[in-house]
Amino acid sequence: MEKFDFLRNEIDDLKEKGLYNTIRVLGSPQDAWVTIGGRRMLNLCSNNYLGFANSDGMKRSAIEGIEKFGVGAGAVRTIAGTLLVHEELERKLAEFKNAEAVILLQSGILANIATIPLIVDEGDIVLSDELNHASIIDGCKLSRAQVVRYKHLDVSDLTAKLEDYSNFDGRKLIVTDGVFSMDGDIAPLPDIVEVAEKYAAITMVDDAHGEGVLGENGRGILNYFKLEGKVDIDVGTLSKAFGVVGGYVAGSSVLIDYMKQRARPFLFSTSLSPADVCALIKAVDLLMNDPEPVRKLWENSAYIKERFSSLGFNTGHSKTPITPVIIGDEKTTKRFSERLFEEGVFAQGIVFPTVPKGSARIRVMVSAVHTKKDLDYGIEKFEQIGSELGVI
Ligand SMILES: Cc1ncc(COP(=O)(O)O)c(C=O)c1O
């Protein structure tokens, strides 16, 4: 018996069930085409919605940031790690999101984990969509509040659950992904806000897949639904459409002021590097001044969705550029992804626990920097392998 036999057994079990992830390593920048193992591959699975991860302008801003501020922030924000550019980015994001204030964090996952435990505690409740992202689930666990899961996108179920707790005197937080990352469907935020007002609940949305995608110039889900100022807590990530890394929370001045005093990742983990922050300042400028990348993203995603549906693939109920090709069985999905890889298309299979068992899929992510020729190449390979494996 070896100490880590229990982990070896778990790994064997994952392999047996088709749940073991082979991690692909990129030898080039994140872009429409990438190099993996020396081969040039069409990239259909990154979150680099707008192509900003390899933007020339942002790279130049990152280099200028390094020249001016060095490579590391050197401390946590509350001790010596707040540089002028951290505050400049917070101001710019607040303007972009039309919010009173913003706090920057080191990632989207940390933004959720930082926020929820500050809002609710033991004796309070969180009403959480059953398909919320793992970082919301972890934030809820850390808070020690009671979690009440409501059916996916179902405001009647949410209302019924709130009704059950109508005599409850603890705080109530309703939390939802804005755009659900594995299905591309959108939370019914206007209805959620209405119900929250009726039951005096605090509202929180995770806009990770909405910013840079929804609303005017990609301002996000609140702009899309004209709900700016009406949702209490707007969490975001800077690692998807923004193309770099980081997370943030936008909201009222009092919320952000308190978070800067007590949010644990803000207090206990070194702040974002100057290069990241300077690239992000440029990203916000690009978004505010040019609607073209967002328009192109939607054009590309409409094209691929239409072609996949006409070939007979099940692309679910996505309302956004996220395009799931739902296969169901885990092993066929893995095989599909491997065959795509052999044919020069990088599109990873997504299996449990990221999606429920039996709903495995290839999650296709196009970007604003794919050309129609790129997309046609990918579609042709999907058609070929889809028929080969009996999926279409
Ligand atoms: C809905 C949602 N929230 C949060 C995150 C985490 O963001 P980050 O990668 O910046 O930690 C993700 C990323 O997978 C996400 O999809």
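Residues numbered from 1 in each chain as written. Predicted model: local features only at pLDDT ≥ 70, side-chain atom pairs only at ≥ 80, totals over all residues. Heavy atoms only, no water.

(A) Region of interest: empty space enclosed by the protein. A full pass over the atoms with the stated rule returns 2 cavities of 30 Å³ or more. Volume-wise, the largest cavity comes out at about 50 Å³. In terms of lining residues, the largest cavity is bounded by Asp 31, Ala 32, Asn 43, Leu 44, Cys 45, Ser 46, Asn 48, Met 365, Ser 367, Val 369 and His 370. Among the residues making up the lining of the largest cavity, the classes are represented as 5 nonpolar, 5 polar and 1 charged. By volume, the second largest cavity amounts to about 40 Å³. Arg 77, His 86, Leu 104, Leu 105, Gln 106, Ser 271 and Leu 272 together form the lining of the second largest cavity. Classifying every residue of the lining of the second largest cavity by side-chain character gives 3 nonpolar, 3 polar and 1 charged. (1 Å grid on protein atoms, 1.4 Å probe; cavity = no way out; pocket = protein on both sides within 12 Å on 5 of 7 lines; lining within 4 Å. Points joined across faces, edges and corners; volume = space filled by probe spheres on them. Nonpolar A, V, L, I, M, F, W, Y, C, P; charged D, E, K, R; others polar.)

(B) Representation of the sheet that holds strand β10 (residues 323-328) in the model. Pairing within the open sheet is antiparallel, and its 3 strands lie in the order β10-β13-β12. One side of each edge strand has no neighbouring strand; the edge strands of this open sheet are β10 and β12 (349-350). Note: β12 against strand β13 (residues 360-364), 2 bridges, orientation antiparallel. Looking across to β13, one finds that Ile 350 is bridged to Arg 361. Docked against the sheet, helix α12 (residues 292-311) engages β10 and β13, running at close to 25° with respect to β10. (Pairing = 2+ DSSP bridges. Helix = DSSP H or I, 4+ residues; strand = E, 2+ residues; numbered from the N terminus. Contact = heavy atoms within 4.5 Å. Axes fitted to C-alpha atoms, helices over the stretch in contact; angles between N-to-C directions.)

(C) Seen up close, the site of the ligand. The immediate surroundings of the ligand are formed by 14 residues, with Gly 108, Asp 206, Thr 237, Ser 239 and Lys 240 found nearest. Lys 240 is positioned such that a nitrogen or oxygen atom in its side chain is 2.9 Å from an oxygen atom of the ligand. Its free accessible area being 390 Å², the ligand has 82% of it covered by the protein chains. (Near = heavy atom within 4 Å. Polar contact = N/O pair within 3.5 Å; in protein donor to acceptor, adjacent residues only side chain to side chain. Areas by Shrake-Rupley, 256 points an atom, 1.4 Å probe, with all protein chains shown as cover.)

(D) Here's a closer look at the nonpolar core. By size, the foremost hydrophobic cluster in this structure holds 59 residues, and its most contacted members are Leu 93, Ile 174 and Phe 242. When residues of this core are assigned to their parent elements, the largest contribution, 10 residues, is made by helix α11 (residues 274-289). Phe 242 has contacts with Phe 52, Met 58, Leu 93, Phe 96, Glu 211, Thr 237, Leu 280, Ala 283, Val 284 and Leu 287, leaving out every residue within four places of it along the chain. (Core = buried A, V, L, I, M, F, W, Y, C linked by side-chain atoms within 4.5 Å. Buried < 20%, exposed > 50% of the residue type's maximum accessible area, 1.4 Å probe, protein only.)

(E) Here's a closer look at the environment of Ala 62. Checked against the element boundaries, Ala 62 lands in helix α2 (residues 56-69). The sequence separation of Ala 62 and Leu 118 amounts to 56 residues, and the corresponding C-alpha distance is 33 Å. What Ala 62 contacts, discounting residues up to four positions off in sequence, is Ala 275, Cys 278 and Ala 279.

(F) Seen up close, the packing of helix α4 (residues 108-119) against helix α9 (residues 253-262). It is the contact of α4 with α9, at a shortest axis distance of 11 Å, that shows an interaxial angle of 105°. The pairing of α4 with α9 is recorded here as roughly perpendicular in orientation. Contacts between α4 and α9 involve Ala 114, Thr 115, Leu 118 and Ile 119 on the former and, on the latter, Leu 255, Tyr 258, Met 259 and Arg 262. Of the residues assigned to the contact of α4 with α9, the class counts are 6 nonpolar, 1 polar and 1 charged. (Parallel < 35°, antiparallel > 145°, perpendicular 65-115°, else oblique.)

(G) Structural context of the pattern of salt bridges. Considering all chains together, one arrives at 25 salt bridges under this definition. Taking the shortest distance from any N to any O, the salt bridge between Asp 207 and Lys 97 comes out at 2.9 Å. On the criterion of sequence distance, the pair formed by Asp 207 in the loop between β7 (202-206) and α8 (221-224) and Lys 97 in helix α3 (residues 84-97) is long-range, its members being 110 residues apart. According to the relative accessible area criterion, Asp 207 is buried, its value standing at 0%. For Arg 307, the salt bridge goes to Asp 376, with nearest N and O atoms at 3.6 Å. Within this pair, whereas Arg 307 is found in helix α12, its partner Asp 376 is found in helix α14 (residues 372-388), the two being separated by 69 residues in sequence. On the basis of relative accessibility, which here comes to 26%, the residue Arg 307 falls in the partly exposed class. (Salt bridge = Lys/Arg side-chain N within 4 Å of Asp/Glu carboxyl O.)

(H) Broad picture of the domain arrangement of the protein. The domain boundaries assigned to the protein delineate domain 1 (12-43 + 291-388) and domain 2 (57-289). Put simply, the middle of domain 1 and the middle of domain 2, counted by C-alpha atoms, are 27 Å apart. Contact residues are listed per partner, giving 17 residues for domain 1 and 16 residues for domain 2. Taken together, the two surfaces of domain 1 and domain 2 that pack against each other cover about 1200 Å², and 65% of this comes from carbon and sulfur. Scanning the region where domain 1 abuts domain 2 turns up 1 salt bridge. The partner of Asp 183 in a salt bridge is Arg 361, with the nearest N and O atoms 2.8 Å apart. Linking domain 1 with domain 2 are 6 residue pairs in polar contact (both at pLDDT 80 or more). Elements represented by at least two residues in the side of domain 1 that touches domain 2 include exactly α12 and β13. Ranked by the residues each element gives to the side of domain 1 that touches domain 2, the list is headed by α12, at 3 residues. (Domains from an automatic or database assignment. Buried area = accessible area lost by both parts, 1.4 Å probe.)

(I) Representation of the packing of aromatic side chains. Within the structure shown, the criterion is met by 11 aromatic pairs. Summarising the aromatic geometry, the rings of Phe 308 and Phe 382 are spaced 4.8 Å apart at their centres and angled 50° between planes, so their arrangement reads as tilted. Of the two residues, Phe 308 is situated in helix α12 and Phe 382 in helix α14; the sequence distance between them amounts to 74 residues. For Phe 308, a relative accessible area of 0% gives the class buried. Overall, the relative accessible area of 0% leaves Phe 382 in the buried class. For the pair Phe 341 and Phe 346, a centre-to-centre distance of 6.3 Å together with 75° between the ring planes defines the contact as edge-to-face. Among the aromatic residues, ring-to-ring pairing joins Phe 308, Phe 313, Phe 336 and Phe 382 into one connected group. Above the ring of Trp 33, the side-chain terminus of Arg 40 is found at 4.3 Å from the ring centroid. Positioned above the aromatic ring of Phe 352, the side-chain terminus of Lys 357 is 4.4 Å from the ring centre. (Phe/Tyr/Trp six-rings, centres within 6.5 Å; stacked < 30°, edge-to-face > 60°. Lys NZ or Arg CZ within 6 Å of the ring centre and 35° of its normal.)

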